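Take a look at the letters that make up each chain.
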Amino acid sequence: MKKTTTRLADGRELIYYDSRDDVVRDTVDRRPLDPVATSSEIRHDRLLGDFVAIASHRQARTYHPPADECPLCPSRDGRHSEIPAADYDVAVFENRFPSLAGGSGRCEVVCFTSDHDASFADLTEEQAALVLAAWTDRTAELSQLPGVEQVFCFENRGAEIGVTLGHPHGQIYAYPFTTPRTERMLRALADHREVTGGNLFDDVLAEELADGRRIVLEGEHWVVFVPYAAHWPYEVHLYPKRRVPDMLALDEAARTEFPQVYLEVLRRFDRIFDTADGGAPTPYIAAWHQAPLHAEAREDFALHLELFTIRRTSGKLKFLAGSESGMNVFINDVPPEAAAERLREVASE
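Anyway, here's the lowdown on the structure attached to this text. (Residues numbered from 1 in each chain as written. Predicted model: local features only at pLDDT ≥ 70, side-chain atom pairs only at ≥ 80, totals over all residues. Heavy atoms only, no water.)

### Some remarks on the packing of helix H2 (residues 180-196) against helix H3 (residues 200-211)
Packing of H2 against H3 leaves a shortest axis separation of 9 Å and a crossing angle of 85°. When the axis of H2 is compared with that of H3, the two are roughly perpendicular. Residue-level inspection shows Met-185, Ala-188, Leu-189, His-192 and Thr-196 of H2 in contact with H3, the latter providing Leu-200, Phe-201 and Asp-203. Taken together, the residues of the contact of H2 with H3 sort by class into five nonpolar, two polar and one charged. (Axes fitted to C-alpha atoms, helices over the stretch in contact; angles between N-to-C directions. Helix = DSSP H or I, 4+ residues; strand = E, 2+ residues; numbered from the N terminus. Parallel < 35°, antiparallel > 145°, perpendicular 65-115°, else oblique. Contact = heavy atoms within 4.5 Å. Nonpolar A, V, L, I, M, F, W, Y, C, P; charged D, E, K, R; others polar.)

Shown next, in the form of structure tokens:
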């Protein structure tokens, strides 16, 4: 992998990740851009203990542009985008409309491919491995920024999720705090160790493997399963079999196998619903959970990826109504065992 770091016209950082070492990235961003002005603020909800990012400047962000005006496509034929080069493998840049900014963290955009009409599931194993390398490198770099407590790599896919740009991409948030969801995991981890003396992540994974009913896919180094108490109709968790706290700790064998496993899972997600949707891609959120940087039980935390869709059946979405949104008590219409069986049925031949 070759990494090339440069700057956009308004001073934001842009990083190219290339699979070939002989690629030269020296195209200059010639857009007449003013320096980015942001007003991100982190506020603490004292009743719930949550954090809320107030970012009014995001109201002006690009919203569903036509394909020929996509800001994530390469700059070609006289049209200038966020990527000055005429082509790229993987590109990462500071978000022009960040939710977190300045002393309140950092937001980056990760472009998985220059092909506007592709998706992550369309990538080759080599391309997916390059994305993993980029995620890992960004985790390492962002972890060194002052005030950063947790690095979160994720992908939102589909208009139903709220995605405003159709180009295949994800994001990385460098939070200045440990997220509430991770705090709950850490508390559960500590409680489990106090009661049993064991590691909660290890025990959950061992139980899923022993039960077998919710296992979707198992490789030599990774396992994919529908969790016992799945919140979403189709939700899977992807764990390395050797527990590590973050992407940086993955060994070479796990890195090599990851693209095979993850691409197969994504392709199954696109096949779980019938043609009643007209072949529409499955909307999903893919979220990497990495250990907070300064957590006491950091080495006990287990890196894992959670992937779920808000589609519950063909043509119907799972909306978070009163119980979910008002009280955070999820109601799932699809038994996890049935979801796992369906995801096994649509395996690649």
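There is more to say, and it comes next.
### Let's talk about helix H6 (residues 336-345)
Along H6, the residues that are buried comprise Pro-336, Ala-339, Ala-340 and Leu-343. All buried residues of H6 project into a common sector of 100° when viewed along the axis, lining one side. Among the structural elements, strand E9 (215-218), strand E11 (234-240) and helix H4 (252-269) are those in contact with the buried residues of H6. (Buried < 20%, exposed > 50% of the residue type's maximum accessible area, 1.4 Å probe, protein only. Arc of directions from axis to C-beta.)

### A few points about the environment of Glu-220
If you trace the backbone, Glu-220 turns up in the loop between E9 and strand E10 (222-225). You can call Glu-220 exposed: its relative accessible area is 61%. Along the chain, Glu-220 and Arg-12 lie 208 residues apart, while their C-alpha atoms are 40 Å from each other. If near-sequence neighbours (up to four positions away) are discounted, Glu-220 is found in contact with Lys-241 and Glu-257.

### Section: the packing of helix H1 (residues 125-142) against H4
In contact at an axis separation of 9 Å, H1 and H4 are set at 115° when each is read in the N-to-C sense. With respect to the hand of their crossing, H1 and H4 are arranged in right-handed fashion. Residues Glu-125, Ala-128, Ala-129, Leu-132, Trp-135 and Thr-136 of H1 form the contact with H4, whose own contacting residues are Arg-255, Phe-258, Pro-259, Gln-260 and Leu-263. (Left-handed = near helix turned anticlockwise from the far one by under 90°.)

### Considerations on the side chain of Gln-171
Mapped onto the elements, Gln-171 comes out in strand E8 (residues 169-175). Those residues in contact with Gln-171 that sit more than four places away from it in its chain are Asn-95, Glu-108, Val-110, Phe-152, Cys-153, Phe-154 and Asn-156.

### Here we look at the sheet that holds E10
The strand order E1-E2-E5-E6-E8-E7-E12-E13-E11-E10-E9 describes an open sheet built from 11 strands, whose pairing is antiparallel. Two strands bound the open sheet, and with one partner strand each, they are strand E1 (2-7) and E9. When strand polarity is set aside, the average angle formed by the axes of neighbouring strands in this sheet is 20°. Relative to E10, E9 runs antiparallel, the two being bridged by three bridges. Bridging from a neighbouring strand, Ile-215 pairs with Phe-225 of E10. Contacts between H3 and the sheet are confined to E9, E10, E11 and strand E13 (304-309), with E10 contributing the most and set at about 70° to the helix. (Pairing = 2+ DSSP bridges.)

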